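Secondary and tertiary structure notes
Each chain is listed here by its residues.
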Amino acid sequence: MMTIEEKIKALPVEAKKEANDFIDFLLEKTQKEDKQWHMRVSEKSIDKIWDNAEDDVYNDLLER
């Protein structure tokens with residue numbers, strides 16, 4: 001079985017460019033998904049700090 005590196009080396013130049021573009025797309029997609037996951041996880045932690053009865057007075061000030 002060929003490794004991914006061997007498969008890429010065996011491709012013609014144009015196909016290598018296409019493969020490179022696809023790899024860039026996958027990396028970008030993965031980074032975006034990672035950021036979204038981190039934001040969701042952080043949001044739960046921050047909600048515990050920011051969403052409390054003691055701070056409701058500040059929410060009232062913002063709504064005016």
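Quick note: structure is the one above.
Notes on the structure follow. (Residues numbered from 1 in each chain as written. Predicted model: local features only at pLDDT ≥ 70, side-chain atom pairs only at ≥ 80, totals over all residues. Heavy atoms only, no water.)

1. Notes on the environment of Glu14
- Within the secondary structure layout, Glu14 lies in helix α2 (residues 13–50).
- Judged by relative accessible area, which is 54%, Glu14 ranks as exposed.
- When the C-alpha atoms of Glu14 and Leu26 are compared, they prove to be 19 Å apart, with 12 residues separating the residues in sequence. (Helix = DSSP H or I, 4+ residues; strand = E, 2+ residues; numbered from the N terminus. Buried < 20%, exposed > 50% of the residue type's maximum accessible area, 1.4 Å probe, protein only.)

2. Describing the pattern of salt bridges
- In the structure shown here, the tally under the stated rule is 1 salt bridge.
- Between Glu14 and Lys17 there is a salt bridge, and its shortest N-O distance comes to 3.4 Å. In this pair, Glu14 and Lys17 are both assigned in helix α2, 3 residues apart and thus about one turn of the helix distant.
- The exposure class of Lys17 is partly exposed, given its relative accessible area of 47%. (Salt bridge = Lys/Arg side-chain N within 4 Å of Asp/Glu carboxyl O.)

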